[in-house]
Amino acid sequence: MRYILALDQGTTSSRAILFDHDGAVRSVAQREFKQIFPQPGWVEHDPEEIATSQVEVALEALARAQAQPNDVAAIGITNQRETTIIWNRATGRPVYDAIVWQDRRTSAFCDEMKAQGHENFIQQRTGLLIDGYFSGSKLAWILDQVPGARQLAEAGQLAFGTVDSWLVWKLTGGRVHVTDASNASRTMLFNIHTGSWDNELLSLFKIPESLLPAVRPSSEVYGEVSSVPGLRNIPIAGIAGDQQAALFGQRCTSPGLTKNTYGTGCFMLQNIGTRAVLSSARLLTTVAWRIGDLTEYALEGSVFVGGAVVQWLRDGLGIVRSSAEVEALANSVPDNGGVYFVPAFVGLGAPHWDSYARGSIFGLTRGSNVGHIARAAIESIAYQVADLLDAIQTDTGTPLKELRVDGGASQNDSLMQFQADIVGVPVVRPVMTETTALGAAFLAGMSVKFWKGTQEIGALPREQRRFHPQMPQSQVATLRERWSEAVSRTKSWQKTTEP
């Protein structure tokens, strides 16, 4: 068998990538799907459209490589995390749209839980902070707000899953209901120390255990595709949440190695080994992956709006026709002209965790133009990543030697150079920037012996370009001070403007 098929189900699109034994892309197919915004701060997807688009691109990727199902050794799945789906076990139909990780509707619910004093208990068990970002509060919302949902759940007739579980269910014709430890660790219902669903947390959130998928290792054969003729009998053999998959795809398999993914959001993870050390800097401790009986952990910081700020320049402001034009527009001015853009459209993630912050642009003058706004938008991505890195180094006390980067915006040379300048360490871009899909492929391939293990994977080509810091430290300090001031002024904006 010549290939591994990675299904990369993201926040704005579904992709399928066919990898060969060298870890090279042999074909790729991608399809965007609809973003649903029922009210401010709410973000939803149609679960059926997610599944349909993912199957379509998988078939397209095989067709482009003129490959048959028996050419594919295994399928690996990586997915947008925390996004919450509940469906009827008998009909397979969702009871409500998928509530996306970006959604903020449960912020008040989470505030109540904090006020009741549950924050320390939840962090101790899950490694997470109480926030509407995670699946637990979204799951509770669906059960409480969708007529009849709680009664059906308590009768054992409903199933919950993050997107990985939903895809496996669909691909296996409803025969397999599983998730992996990395995705389970993002629900606020999973005990990262025992490696299982936590009964006290389920009781706190009022979640019937019958809803939940079985938690399995990240590299294992879960079942075979049965519902899609063009993929029939291919083993589904690897699952990891998108950021953990990217960490694995970057070969960050030793403690201290760190990557940042530039996608819709930005996500920085550092491998911290086999002990789940809790953060004192408002970061998350999460399962990186479980392979066999061995669980490895990561510290994580999440930025809610990274590359999505470029989409907003295109779709919201209309100052560019395509995302590709933004780099040239940003480079049309020599600097940001004193303009700072805090893209807190759905609040601020780590290390601030302020769901009431809102997007703001500061420092505009009559001399400001669209180039300055575009540059400030691009720079906002780098500033947010630098804030994450500061927090990780506060927790670990270990200076970073390099930052490995991937994702769409890592192709932007200007951004990567600015990132290296702001964080003060080399930024390393890999040959394969789509490391999320590559990580899922590695996990699936290892379980079916397509690759023998991490040593063989580690020997594959990795580095494409290294960006070294060039900006004087005094200038970096001034820029970051102004950025921090801008961030402070966005905080709690929604609360201060409510009637």
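A brief look at the structure comes next. Once a new chain begins, its residue numbering starts again from 1 and follows that chain's sequence as written. For a predicted model such as this one, the threshold for reporting local features is a pLDDT of at least 70, and the threshold for listing and counting side-chain atom pairs is 80 or more; totals across whole chains, interfaces and linings nevertheless cover every residue. As a convention, hydrogens and water are excluded, and side-chain values are obtained from all of the structure's heavy atoms.

Describing the overall build of the chain
In step 1: Along its length, the chain carries 17 helices and 23 strands.
In step 2: Once the C-alpha set of the chain is aligned to its principal axes, its extents read approximately 60 × 55 × 45 Å.
In step 3: Partly exposed describes any residue whose relative accessible area lies between the buried limit of under 20% and the exposed limit of over 50%, with all areas from a 1.4 Å probe on protein chains only and scaled to the type maximum. Looking at the chain as a whole, 62% of its 499 residues are labelled buried.
In step 4: Here, residues are in contact when the closest pair of their heavy atoms is within 4.5 Å. By sequence separation, contacts in the chain at least 24 residues apart represent 72% of the contacts at least 6 residues apart.
In step 5: Counting every atom, the chain has about 18500 Å² of accessible surface; 49% of that belongs to carbon and sulfur.
In step 6: Only four residue types enter the charge count: Lys and Arg as positive, Asp and Glu as negative, with His and the chain ends excluded. For this purpose, a charge sits on NZ of Lys, CZ of Arg, CG of Asp or CD of Glu. Looking at charge distribution, the chain has the averaged site of its 44 positive side-chain charges lying 1 Å from that of its 50 negative ones. Helix and strand definitions here come from DSSP, where helices need a minimum of 4 consecutive H or I residues and strands a minimum of 2 consecutive E residues; each element is numbered from the N-terminal end. Note on areas: Shrake-Rupley with a 1.4 Å probe; residue coverage comes only from the protein chains shown.

Topic: the sheet that holds strand S1 (residues 3-9)
In step 1: Strands are treated as partners if at least two bridges between them are detected by DSSP. A sheet is described by the order of its strands in space; here 6 strands give the open sequence S3-S2-S1-S5-S14-S13, paired in mixed fashion. Strands at the two margins of the open sheet, each flanked by one partner only, are strand S3 (25-32) and strand S13 (219-224). Recorded for the sheet is a direction-independent mean angle of 25° between the axes of neighbouring strands.
In step 2: Sheet topology note: the S1/strand S2 (residues 13-19) ladder contains 6 bridges and is antiparallel. Counterpart to alanine 6 in the pairing with S2 is isoleucine 17.
In step 3: Between N-to-C directions, angles cover 0 to 180 degrees, with each direction set by a line fitted to C-alpha atoms, over the stretch in contact for helices. Its contacts with the sheet place helix H1 (residues 47-64) against S1, S2, S3 and strand S5 (72-79), and it is angled at close to 30° to S2.
In step 4: Against the sheet, helix H14 (residues 435-447) engages S1, S2, S5, S13 and strand S14 (235-241), with an angle of about 135° to S5.

Overview of the packing of helix H12 (residues 370-396) against helix H13 (residues 413-423)
In step 1: Contact geometry for H12 and H13: axes closest at 9 Å, N-to-C directions at 35°. As for how H12 packs across H13, the hand of that crossing is right-handed. Together, Ile378, Glu379, Ile381, Ala382, Tyr383, Val385, Ala386 and Leu389 of H12 and Leu415, Phe418, Gln419, Ile422 and Val423 of H13 make up the contact between the two elements.
In step 2: In terms of residue class, the contact of H12 with H13 is built from 11 nonpolar, 1 polar and 1 charged. In this scheme, a crossing is called left-handed if the near helix is turned counterclockwise away from the far one by less than a right angle; it is called right-handed if the turn is clockwise. Following the grouping adopted for this structure description, the nonpolar residues are Ala, Val, Leu, Ile, Met, Phe, Trp, Tyr, Cys and Pro, the charged ones are Asp, Glu, Lys and Arg, and the polar ones are all others, Gly among them.

Some details on the sheet that holds strand S21 (residues 403-406)
In step 1: A sheet is described by the order of its strands in space; here 7 strands give the open sequence S17-S18-S16-S15-S21-S22-S23, paired in mixed fashion. Each having just a single partner strand, strand S17 (284-291) and strand S23 (463-467) make up the two edges of the open sheet. On average, each strand axis in the sheet is tilted by 30° relative to the strand beside it, whichever way the strands run.
In step 2: By the bridge criterion, 4 bridges tie strand S22 (residues 427-430) to S23 in an arrangement that is antiparallel. Note that in S23 the partner of arginine 429 across the bridge is arginine 465.
In step 3: Sitting on the sheet, H12 touches strand S15 (258-262), strand S16 (266-273), strand S18 (294-303) and S21, and the angle it makes with S16 is about 20°.

Considerations on the packing of aromatic side chains
Aromatic ring pairs are defined here through the distance separating the ring centres and the angle between the ring planes.
In step 1: Any two rings among Phe, Tyr and Trp, with Trp reduced to its six-membered ring, count as a pair given centres within 6.5 Å; such a pair is stacked if its planes are under 30 degrees apart, edge-to-face if over 60, and tilted if neither. Under the criterion given, the structure shown has 22 aromatic pairs.
In step 2: With a centroid separation of 6.0 Å and an interplanar angle of 70°, the aromatic rings of tryptophan 101 and tyrosine 133 are classed as edge-to-face. Taken together, the positions of tryptophan 101 in the loop between strand S7 (98-99) and helix H2 (107-115) and tyrosine 133 in the loop between helix H3 (119-126) and helix H4 (135-145) put the pair 32 residues apart, joining distant regions of the chain.
In step 3: Both rings, one in tyrosine 383 and one in tryptophan 483, keep their centres 5.0 Å apart while their planes meet at 15°; by these two values the pair is stacked. Here tryptophan 483 lies in helix H16 (residues 473-490) and tyrosine 383 lies in helix H12, a separation of 100 residues in the sequence.

Things to note about the packing of helix H9 (residues 242-249) against H14
In step 1: As a packed pair, H9 and H14 sit with axes 7 Å apart at the nearest point and diverge in direction by 75°. Taken together, the axes of H9 and H14 are roughly perpendicular relative to one another. Along the contact surface, H9 presents Asp242, Ala245, Ala246, Phe248 and Gly249, while H14 presents Thr435, Thr436, Leu438, Gly439, Ala440, Phe442, Leu443 and Met446.
In step 2: Here the residues of the contact of H9 with H14 sort into 8 nonpolar, 4 polar and 1 charged. An angle below 35 degrees is read as roughly parallel, one above 145 as roughly antiparallel, one from 65 to 115 as roughly perpendicular, and any other as oblique.

Remarks on the environment of valine 427
In step 1: Counting through the fold element by element, valine 427 comes out in strand S22.
In step 2: Looking at valine 427, the relative accessible area reads 0%, which means it is buried.
In step 3: Considered as a pair, valine 427 and asparagine 260 are 167 residues apart in the sequence and their alpha carbons are 9.7 Å apart.
In step 4: Residues contacting valine 427, with those up to four places away along its chain left out, are Leu403, Val405, Met416, Gln419, Ala420, Arg465, Arg466 and Phe467.

Here we look at the nonpolar core
In step 1: By size, the foremost hydrophobic cluster in this structure holds 132 residues, and its most contacted members are Ile207, Leu211 and Tyr262.
In step 2: Looking at this core, the element that brings in the most residues is H12, giving 14 residues.
In step 3: Once you skip the residues sitting within four places of it in the chain, leucine 211 turns out to touch Ile86, Arg89, Leu139, Leu143, Ala153, Leu158, Ala159, Phe160 and His177. Throughout this description, the term nonpolar core refers to a set of buried Ala, Val, Leu, Ile, Met, Phe, Trp, Tyr and Cys residues connected via side-chain atoms within 4.5 Å.

Re the side chain of serine 53
In step 1: Within the secondary structure layout, serine 53 lies in helix H1.
In step 2: What makes serine 53 buried here is its relative accessible area of 4%.
In step 3: Polar contact is defined as a pair of N or O atoms within 3.5 Å, subject to the rule that within protein one atom must be able to donate a hydrogen and the other to accept it, and that residues adjacent in sequence are counted only when both atoms are side-chain atoms. A distance of 2.8 Å separates the side chain of serine 53 from the backbone oxygen of glutamate 49, its partner in a polar contact.
In step 4: Ignoring sequence-local partners within four residues, the contact set of serine 53 consists of Ser14 and Phe33.

A few points about H3
In step 1: Within H3, the full set of buried residues consists of Ile122, Gln123 and Thr126. End-on, the buried residues of H3 take up no more than an arc of 100°, which puts them together on one face.
In step 2: Here the buried face of H3 lies against H2, strand S10 (190-191), helix H8 (199-205) and S17.
In step 3: Looking at the residues trailing H3, positive phi occurs at glycine 127, about 80°. The reported arc concerns the directions from the helix axis to the C-beta atoms and nothing else.

Focus on H12
In step 1: Given a rise of 1.5 Å per residue, 27 residues ought to cover 39 Å, and the 40 Å separating the end C-alpha atoms of H12 matches this to within 8%.
In step 2: Along H12, 21 of the 27 residues are buried, which leaves the element largely enclosed by surrounding structure.
In step 3: Between a side-chain oxygen at the N-terminus of H12 and the backbone nitrogen of glycine 371 the separation is 2.8 Å; the capping residue is asparagine 369.
In step 4: Directly beyond the C-terminal end of H12, a positive phi value near 70° is found at glycine 397. In this scheme, a helix's expected span is set at 1.5 Å multiplied by one less than its residue total.

A look at the pattern of salt bridges
In step 1: A carboxyl oxygen of Asp or Glu within 4 Å of a side-chain nitrogen of Lys or Arg is what we treat as a salt bridge. Taken as a whole and judged by the stated rule, the model has 33 salt bridges.
In step 2: A salt bridge links glutamate 434 to arginine 15, with the shortest nitrogen-to-oxygen separation between them at 2.9 Å. Highlighted residues: glutamate 434 in the loop between S22 and H14 and arginine 15 in strand S2, separated in sequence by 419 residues.
In step 3: The closest approach of N and O atoms between aspartate 390 and arginine 480, which form a salt bridge, is 2.7 Å. Of this pair, aspartate 390 sits in helix H12 while arginine 480 sits in helix H16, and the two are 90 residues apart along the sequence.
In step 4: Here the salt bridges share partners, and the residues they tie into one network are Arg81, Glu82, Arg186, Asp242 and Glu300.

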